[in-house]
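Examining the three-dimensional arrangement
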Amino acid sequence: MISTKKKHIIMADDDADVTDMFRDMADDQCPDLKITLAVNGMQTLELLKLIPSPDAIILDINMPLMNGKDCLSKIRSNPAYDGIPIIMLSSGNNDKEIKSCLSAGANFYFTKPSSYFELKYIVNSVCRGDFEYAA
């Protein structure tokens, strides 16, 4: 079990398999971490009105209604959210997209995991709050 620096995160992803696996592993690795789920960028922005200071936000890039990059832009346009780390999550690891997300204000970029160990690395990074650039 990992000592959690991050206590409450918002995770936006429309893929229930991804969020379920992430939540299950987080429950095992850092049970004191609270995860509030959203299925698109619009819902994420609404959640920020209720949870104005989450410890981190995880945004899938490809979501309906408002994608992660558009949501990132909206969040970063509000100075009230400047201190919140934003982690982009994508099934692709295109260098151009990674650079675009990081230059738009994302703090970290993770490629969606294709194995248990990759997922564990991401969950543990979120639990510890010490992210490293990983694509």
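Nothing here was measured: the structure is a model prediction, and the numbers come from that model. (Residues numbered from 1 in each chain as written. Predicted model: local features only at pLDDT ≥ 70, side-chain atom pairs only at ≥ 80, totals over all residues. Heavy atoms only, no water.)

1. Side note on the overall build of the chain
Within the chain, the secondary structure is distributed over five helices and five strands. Tracing the chain from N to C terminus, the helices and strands come up as β-α-β-α-β-α-β-α-β-α. For the chain, the C-alpha radius of gyration of 13 Å lies close to 14 Å, the compact-globule estimate for 135 residues. If you line up the chain on its principal axes, its C-alpha atoms span 35 × 35 × 25 Å. Burial statistics for the chain: of 135 residues in total, 47% are counted as buried. Sequence-distant contacts, at least 24 apart, represent 64% of the contacts inside the chain between residues at least 6 apart. With the model as given, the accessible surface of the chain reaches about 6,800 Å², and the carbon-plus-sulfur share is 51%. Here the chain holds 14 positive side-chain charges and 19 negative ones, and the gap between their average locations is 6 Å. (Helix = DSSP H or I, 4+ residues; strand = E, 2+ residues; numbered from the N terminus. Rg over C-alpha atoms; globule rule 2.2 N^0.38 Å. Buried < 20%, exposed > 50% of the residue type's maximum accessible area, 1.4 Å probe, protein only. Contact = heavy atoms within 4.5 Å. Areas by Shrake-Rupley, 256 points an atom, 1.4 Å probe, with all protein chains shown as cover. Lys, Arg positive; Asp, Glu negative; His and termini not counted. Charge placed at Lys NZ, Arg CZ, Asp CG, Glu CD.)

2. Description of the pattern of salt bridges
Inspection of every chain in the model, using the stated rule, returns four salt bridges. Lysine 7 serves as the salt-bridge partner of aspartate 32, at 3.0 Å between the closest nitrogen and oxygen. In this pair, aspartate 32 is assigned in the loop between helix 1 (16-29) and strand 2 (34-38) and lysine 7 in the segment before strand 1 (8-12), connecting sequence segments 25 residues apart. Of the charged contacts, one joins glutamate 46 and lysine 49 as a salt bridge, the two residues approaching to 3.1 Å between their closest N and O atoms. Residue glutamate 46 and its partner lysine 49 are both found in helix 2 (residues 41-50); the two are separated by three residues, about one turn of the helix. Each member of the salt-bridge network shares a partner with another, and the members are Asp13, Asp60 and Lys112. (Salt bridge = Lys/Arg side-chain N within 4 Å of Asp/Glu carboxyl O.)

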